[in-house]
Amino acid sequence: MAHTQTSAVLARRLDVQTLAADCRTLGLDGILAELVHLLRDSSSGQSLETGDRRTLGTLIRLLQTEAPHLTAALHSHNATHFAQQIHNRAAVYGLPTLAASAKAYLEQLSHLHVCHLWRSRRLSPAFLRRLAGHADAANAVAITPDGVYALSGASDGALIVWDLLTGAPVRVLTGHIDQVTAVTIGPDGSWAVSASRDATLRRWDLHSGQCTAIFEGHTDAVRALALTPDGGRLISAAHDRTLRVWDLASGDMLALLTGHTDRVMGVAVNRSGDLAVSAADDRTLHVWDLASGRVERSIDMVGGFVSALAVHPNGRHVLTAADDRTLRLWDFETGALLTSLHGHNAGVRAVAFSPCGNQILSGDNNGHVFHWDAETGQFLQSLQGHDGAVTAVTFSRNGHRALTASVDQTLVLWQLDEVDDNGRDAHTGSVQALVAAATGEWVLSGGGDGAIKLWDTQTGLCRHTYHNQSAVTAVALLPGEQTFVSADEDGNLHRWSLTAPATPPERIGSHRGPVLAVVATPDGKRVIAGTETWAIKIWHAATGEAERTLTNHRGAVYDLRLLADGERMLSASGDETIRLWRIADGKLLHTFEDHENTVSALALLPDGNGFVSASDDETAEIWSLDHMAAENVLEGHNDWVNDVAVTADGTLVITAGQDGEIRFWDRAGRLRAILNHDEAIHTLACAGDNLLLVGDESGALYAFQIHRGNTT
């Protein structure tokens, strides 16, 4: 297809109304097939400029990610939902033309919708897509020379061939009877070799998926593979303390390399293919002459046990990754240790040089992938996207992309020239508490990482981070909004200053067991906490003395809300009830019963006449304080409803849950809109009438603008 024709198709797909119309005609799968075909053509020819090619790839990623929600919107003829999901994803992925088109269409439709403003998230902007399909830990990965396909191996013995343009598995290769530990792909991309704990190597035809040869000889698990640049010879390293050199054409073993006295953990070959370097648990590096099979040099290593190594394209430097959290660069011609790279906070398990040698990737047991400048040793960015130890890392041939494997059973594809400019302040644990200033200018977030962060709601910038010693479970503002109180997993209550954030916190009180909820009385004299051990404790804020303990609940107390009179309080509990208390004497005034599972969160209606509850029974309920009864049940979530919020004008009730959905309801219980999110949502906060803050399981914080439209 000519350049102008291809660009015209892309332009058509960046107009949301045309995109929606074509999706209705061709189906979303048809549109995706068309775009993938264009991307394949542009990868092999010159039908698109580099920028347009990037846009096309991002658009495919957007449509694949949003496919379930867009399909539902098309089936229900909900143009607003379709355009809303497109807008928010385009804003996040950096497709300004599509985002602007969707925003204009949403304004034209003029129905209730929610638009992305900013985010601070743990998932790196370099994240392109997650490849899921393995049934066990993914241990090894390689990319074909053309960058179109990848091969991965897992602990269940299976290998998967992936289409990197779509993220879809192409075929599954089976034959190994134990964990696959390493893979390598031939120079022409048509074949590959895998290694396994079953002590064998297997050669595969990647087009047919057939095993074409089995290499036997090792007597223990094969740990690593290295292919000579011409693809003629293969070196395998094993726990039997040996390395073996194989002829790929005949399958014959050419040489047995002996000399290590413990398990051989890694091997790499230099660019000319005449030398190999191996690392073993005997804490030595051996440099091998592949022609003679002799050790040219043995280097005694310092530091921890080496898990992996990589040879620099210059042919004389080797980088080792060790369990002491350190990368070390060695000159294997002289045996000298040149430099050490520090930054990982767990054992480093995988390492790779980019093909031109100017970049390094390393992965550790905490799931972190670090991207380094190989020439300066400078840390470039942390790639956050895995939920388990990173087992393998590899670059594409041009060095612009990378693929990583993890025990979380997934691979992640990264675009390395994307700069991580908005994830550095994000929580590294789930966001578990949010509270906004009355003016809506800032919001506090508390996380499972022990951090409390103060955010500017207009810009999304983190003004300050407070460091607590354990996971923060709840946050409450004290009167005057000059200070706030946090509760944590260790049962502590701390008072922090908003005006002097560097001031150390004061401990108000402590409880044996996690404190899950906290509120302060309007006069600031008392702080009230709900605990995992069923109790509600009332502390004197100035002295830290426990004044009273309320013990009527028969389950953990997950939320507390003071009514407008400041004299009564609501509590939500794992015993499926909500209770109304008088604070002065701790008297139980009423018990609300209707939920069929844990009541996890509460929100007050601004008019003072009622409240809303969220429950693990997948519902929320609107209650009347005048009639002491439920008025409306809000049904539609298909998992726990984790939080609920009400806009300042009281016209919208917002629920969010484990299913990743945010639902918007009117006071009569009618569903007005749905916002689909990637992660389970733990907490919500409204800032004013139209700003919504969302904290999710991954540690991300999002801000959305609620647009009411012209309907009531």
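Placed above this text is the structure.
Source: prediction; values computed, not measured.

Procedures and definitions
Residues numbered from 1 in each chain as written. Predicted model: local features only at pLDDT ≥ 70, side-chain atom pairs only at ≥ 80, totals over all residues. Heavy atoms only, no water. Helix = DSSP H or I, 4+ residues; strand = E, 2+ residues; numbered from the N terminus. Rg over C-alpha atoms; globule rule 2.2 N^0.38 Å. Contact = heavy atoms within 4.5 Å. Areas by Shrake-Rupley, 256 points an atom, 1.4 Å probe, with all protein chains shown as cover. Lys, Arg positive; Asp, Glu negative; His and termini not counted. Charge placed at Lys NZ, Arg CZ, Asp CG, Glu CD. 1 Å grid on protein atoms, 1.4 Å probe; cavity = no way out; pocket = protein on both sides within 12 Å on 5 of 7 lines; lining within 4 Å. Points joined across faces, edges and corners; volume = space filled by probe spheres on them. Nonpolar A, V, L, I, M, F, W, Y, C, P; charged D, E, K, R; others polar. Expected span 1.5 Å × (residues − 1). Buried < 20%, exposed > 50% of the residue type's maximum accessible area, 1.4 Å probe, protein only. Polar contact = N/O pair within 3.5 Å; in protein donor to acceptor, adjacent residues only side chain to side chain. Axes fitted to C-alpha atoms, helices over the stretch in contact; angles between N-to-C directions. Parallel < 35°, antiparallel > 145°, perpendicular 65-115°, else oblique. Left-handed = near helix turned anticlockwise from the far one by under 90°. Core = buried A, V, L, I, M, F, W, Y, C linked by side-chain atoms within 4.5 Å. Phe/Tyr/Trp six-rings, centres within 6.5 Å; stacked < 30°, edge-to-face > 60°. Lys NZ or Arg CZ within 6 Å of the ring centre and 35° of its normal. Pairing = 2+ DSSP bridges. Salt bridge = Lys/Arg side-chain N within 4 Å of Asp/Glu carboxyl O.

*Asks:* Explanation requested: the overall build of the protein chain in the structure shown.
*Replies:* Broken down by element type, the protein chain carries six helices and 56 strands. The C-alpha radius of gyration of the protein chain comes to 29 Å, within 12% of the 27 Å expected for a compact globule of 712 residues. Along the longest, intermediate and shortest principal axes, the C-alpha atoms of the protein chain span 90 × 60 × 45 Å. For the protein chain, the proportion of contacts with a sequence separation of at least 24, taken over those separated by at least 6, is 44%. For the protein chain, the exposed area adds up to about 27600 Å²; of that, 44% sits on carbon and sulfur atoms. With 54 positive and 84 negative side-chain charges, the protein chain shows a separation of 2 Å between the mean positions of the two kinds.

*Asks:* I tried to follow empty space enclosed by the protein on my own but got confused; where do I start?
*Replies:* Per the stated rule, a full pass over the model turns up two cavities of 30 Å³ or more. Within this model, the largest cavity holds a volume of roughly 140 Å³. Every residue lining the largest cavity is counted, 13 residues in all, and those nearest its centre are N88, R89, N676, H677 and Y702. With four residues, helix 5 (residues 79–93) is the single largest residue contributor to the lining of the largest cavity. In terms of residue class, the lining of the largest cavity is built from four nonpolar, five polar and four charged. Quantified by volume, the second largest cavity comes out at close to 80 Å³. Around the second largest cavity, the lining residues are L39, G57, T58, I60, R61, L128, R129, L164, L165 and R401. Counting only elements with at least two residues in the lining of the second largest cavity, the list comes to helix 4 (50–75) and strand 2 (127–132). Looking at the lining of the second largest cavity element by element, the count peaks at four residues for helix 4. Residue composition of the lining of the second largest cavity, grouped by class: five nonpolar, two polar and three charged.

*Asks:* Got a minute to help me understand helix 5 in this structure?
*Replies:* The terminal C-alpha atoms of helix 5 lie 21 Å apart, and with 15 residues this matches the ideal 21 Å at 1.5 Å per residue to within 8%. With 13 of 15 residues buried, helix 5 lies mostly within the body of the structure. Two or three places before T80, at the start of helix 5, stands the capping residue N78, its side-chain oxygen 3.3 Å from that residue's backbone nitrogen. G94 lies just past helix 5 and shows a positive phi near 80 degrees.

*Asks:* Help me out: how do you make sense of the packing of helix 5 against helix 6 (residues 96–109) in this one?
*Replies:* Packed helices, taken two at a time, are described by their axes: the angle between them and the distance between them. Between helix 5 and helix 6, the shortest axis-to-axis distance is 8 Å and the interhelical angle comes to 150 degrees. On the basis of their axis angle, the class for helix 5 and helix 6 is roughly antiparallel. Crossing angle aside, the handedness with which helix 5 passes helix 6 is left-handed. Packed against helix 5, whose contacting residues are A79, T80, A83, Q84, I86, H87, A90 and A91, the element helix 6 presents L98, A99, A102, K103, Y105, L106 and L109 at the interface. Residues of the contact of helix 5 with helix 6, tallied by class, amount to 11 nonpolar, three polar and one charged.

*Asks:* Quick question: what am I supposed to make of the nonpolar core here?
*Replies:* Where a protein is soluble and globular, its nonpolar side chains tend to be buried together. By size, the foremost hydrophobic cluster in this structure holds 38 residues, and its most contacted members are L63, F82, I86 and L98. For this core, the secondary-structure elements that each account for two or more residues are helix 1 (3–13), helix 2 (16–26), helix 3 (28–44), helix 4, helix 5 and helix 6. Per element, the largest residue contribution to this core is nine residues, and it comes from helix 4. The next biggest cluster of nonpolar side chains, apart from the first, holds 19 residues, and it includes V114, I654, L684 and F704.

*Asks:* Could you clarify how one ought to interpret the side chain of T473 in this entry?
*Replies:* Mapping T473 onto the fold places it in strand 34 (residues 472–477). Among the polar contacts listed, one links the side chain of T473 to the backbone oxygen of V515, at a separation of 2.4 Å. Not counting residues up to four positions away in its chain, the partners in contact with T473 are Q432, A433, A487, D488, E489, V515 and L516.

*Asks:* Help me out: how do you make sense of the packing of aromatic side chains in this one?
*Replies:* Centre-to-centre distance and the angle between the planes together describe a pair of aromatic rings. Following the criterion strictly, the structure yields 13 aromatic pairs and no others. Ring centres 5.8 Å apart and planes at 10 degrees place the aromatic pair F611 and W623 in the stacked group. Of this pair, F611 sits in strand 47 (residues 610–615) while W623 is found in strand 48 (residues 619–624), placing the two residues 12 residues apart along the sequence. The two residues F611 and W623 agree in class, both being buried. Between Y702 and F704 the ring centres are 5.9 Å apart and the planes differ by 5 degrees, which places this aromatic pair in the stacked class. Like F704, Y702 is buried. An aromatic cluster is defined as three or more aromatic residues linked by ring pairs; in this entry it consists of F370, W372 and F379. Its guanidinium or amino end placed over the ring of W191, R203 lies 4.4 Å from that ring's centre, counting from NZ or CZ.

*Asks:* Explain the pairing of strand 19 (residues 306–311) here, please?
*Replies:* Both faces of the sheet carry side chains from a regular strand, because those side chains alternate between them. Within strand 19, six of the six residues are buried, leaving the element largely enclosed by the surrounding structure. Here strand 19 runs beside strand 20 (residues 317–322); their pairing, made up of five bridges, is antiparallel. Residue pairing in the sheet places V311 in a bridge with V318 of strand 20.

*Asks:* Would you mind showing me how to read the pattern of salt bridges here?
*Replies:* Between side chains of opposite charge, a pair can form as their charged atoms come close. Applying the stated rule across the entire model yields 20 salt bridges. Between R13 and D22 there is a salt bridge, with its nearest N and O atoms 2.5 Å apart. Residue classification places D22 among the buried positions, given a relative accessible area of 9%. Here D456 ties to R463 by a salt bridge, and the two come within 3.4 Å at their closest N and O atoms. On the accessibility criterion, R463 (45% relative accessible area) is partly exposed. Bridged by salt links that share partners, the residues R12, R13, D22 and E34 form one connected network.

*Asks:* What is the right way to look at the environment of H37 in this model?
*Replies:* For H37, the position within the fold is in helix 3. On the basis of relative accessible area, H37 is assigned to the partly exposed category, the value being 48%. As for H37 and L165, which are separated by 128 residues in sequence, their C-alpha atoms are 9.7 Å apart.

*Asks:* Explain the sheet that holds strand 13 (residues 243–247) here, please?
*Replies:* Sheets are built from strands that pair by backbone hydrogen bonding, the pairs being arranged parallel or antiparallel. Taken together, the four strands give an open sheet; going across it, the order is 11-12-13-14, and neighbouring strands pair in antiparallel fashion. Strands with a single pairing partner mark the edges of an open sheet, and in this sheet they are strand 11 (222–227) and strand 14 (253–257). On average, adjacent strands in this sheet sit at an angle of 20 degrees to one another, irrespective of strand direction. One ladder, built from five bridges, connects strand 12 (residues 233–238) with strand 13; its direction is antiparallel. Bridge pairing links L234 to W246 in strand 13.

*Asks:* Quick question: what am I supposed to make of the sheet that holds strand 8 (residues 191–196) here?
*Replies:* Across the sheet, which stays open at both edges, the four strands sit in the order 7-8-9-10 with antiparallel pairing between neighbours. Strands at the two margins of the open sheet, each flanked by one partner only, are strand 7 (180–185) and strand 10 (211–215). For this sheet the average axis-to-axis angle between neighbouring strands, irrespective of direction, equals 20 degrees. Note that strand 7 and strand 8 share five bridges and pair antiparallel. Paired with V180 across the strands is S196, a residue of strand 8.

Interpretation in functional terms is not warranted from these geometric data alone.
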